[in-house]
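# Analysis of the macromolecular model
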Amino acid sequence: MTSLTAVGRTRARALRLGIYMGDLWHRREFAWFLAMGNLKARNASTVLGLFWWVLNPLLLGMVYYVVFNFIFSSGRDIAYLLSGMFVFHFSAQSMTGGANSILQNSKLLSNLRFPRLVLPIANLIESTVGFMASLLVLYAIAVPSGSVHSLRYLPLLLIVLPIHVLFNLGLSSFTARLSVPFRDINNITPYVTRLWLYLSPVIWPLAFVEGLSPTGQFMFQLNPLYWIIAAYRSAFFGVDFQMAAIGWSALSAAIIGTIGIGLFIKYENKIVRHL
């Protein structure tokens, strides 16, 4: 009898999830227009407009390039630095934007009924558009400089990008879930992202980890962006392809995506109550 009850509950949950996803799909145009509206409004008062999405990580990458090449003489390649910086910026923007997507749309949440996951998705669409623009800038720098030695692995982007998007949606949904009961998350996030930057292979090469002890290597490789950035750099620069990078990236995205999206959907009915 207990097993039959458990099966019935599982089926009911699956049915509710199916209905929810169907409703979410019907709101896809709403998510797109909301993302594009936010993207234009965010940069409407600036001279460079949308280019600031690319310019922020570009300038930060240039700062690190000057520091490491001219002060510490490390011989870092600018395209190598920017590739990690753009990828990291995509995830960082998705994480911080997830929390803001709820707090900045409180009136919309109070007056309209729709799947609340639309808001983190709209934030992700906005970040993805900026990231795609940054990839064009990266190739405009990398190809003339000779950093791109082969386009053999370029189709790898068709695998890595969806994995990265799922990972970022999990991050965005998770911070969106936390943003209402824990309003201080916007104050904490900048410190978390700065620490995450230094623990990711953005300003240091993957070879740095190879010189560490097995325990040290394991600790660094627990960072999902370690594998995601490694996979991107295989696609960007034609370096040796590592199947492990794809496998661990996909596993990380599946775990973070499932946890983040699952928690958000489970508690989204309580969001308006706490706004």
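Above this text is the structure in question.
Residues numbered from 1 in each chain as written. Predicted model: local features only at pLDDT ≥ 70, side-chain atom pairs only at ≥ 80, totals over all residues. Heavy atoms only, no water.

Below, the discussion takes up the nonpolar core. Core analysis: the biggest nonpolar cluster contains 73 residues, and Val87, Ile102, Phe131, Leu225, Tyr232 and Phe236 have the highest contact counts within it. By residue number, the principal contributor to this core is helix α4 (residues 78-103), which donates 13 residues. (Core = buried A, V, L, I, M, F, W, Y, C linked by side-chain atoms within 4.5 Å. Buried < 20%, exposed > 50% of the residue type's maximum accessible area, 1.4 Å probe, protein only. Helix = DSSP H or I, 4+ residues; strand = E, 2+ residues; numbered from the N terminus.)

Considering the arrangement of structural elements, one finds Asn123 in helix α6 (residues 118-145). A polar side-chain atom of Asn123 sits 3.1 Å from a polar atom in the side chain of Ser172. Beyond its immediate chain neighbours, meaning those up to four positions away, Asn123 contacts Gln93, Ser94, Gly97, Gly98, Ser101 and Ser172. (Polar contact = N/O pair within 3.5 Å; in protein donor to acceptor, adjacent residues only side chain to side chain. Contact = heavy atoms within 4.5 Å.)

This part covers the packing of α4 against helix α8 (residues 185-199). The N-to-C vectors of α4 and α8 enclose an angle of 170 degrees; their axes lie 11 Å apart at closest approach. One element, α4, and the other, α8, form an angle in the roughly antiparallel class. Mapping the contact onto sequence places Met85, Phe88, Ser91, Ala92, Met95, Thr96, Ala99, Asn100 and Leu103 in α4 and Ile185, Asn186, Thr189, Thr193, Trp196 and Leu197 in α8. Of the residues in the contact of α4 with α8, the class split is nine nonpolar, six polar and no charged. (Axes fitted to C-alpha atoms, helices over the stretch in contact; angles between N-to-C directions. Parallel < 35°, antiparallel > 145°, perpendicular 65-115°, else oblique. Nonpolar A, V, L, I, M, F, W, Y, C, P; charged D, E, K, R; others polar.)

Turning next to the environment of Phe236. With respect to the helices and strands, Phe236 occurs in helix α11 (residues 224-237). Distance in space between the C-alpha atoms of Phe236 and Ala79 is 9.4 Å, their sequence separation being 157 residues.

Another aspect to go through is a positive patch on the surface. A cluster of basic residues, Arg13, Arg16, Lys266 and Lys270, forms a positive patch on the protein surface. With respect to the element layout, Lys266 can be found in helix α12 (residues 243-267). By relative accessible area, which is 60% here, Lys266 ends up exposed. (Patch = residues over 30% accessible without salt bridge, like charges linked within 9 Å, V, L, I, M, F, W, Y side chains within 5 Å. Areas by Shrake-Rupley, 256 points an atom, 1.4 Å probe, with all protein chains shown as cover. Salt bridge = Lys/Arg side-chain N within 4 Å of Asp/Glu carboxyl O. Lys, Arg positive; Asp, Glu negative; His and termini not counted. Charge placed at Lys NZ, Arg CZ, Asp CG, Glu CD.)

Further remarks concern a nonpolar patch on the surface. There is a patch of nonpolar side chains on the surface, built from Phe174, Trp248, Leu251, Ile255 and Ile259 and spanning about 460 Å² of accessible area. Tracing the sequence through the fold places Leu251 in helix α12. Residue class for Leu251 comes out partly exposed when judged on its relative accessible area of 41%.

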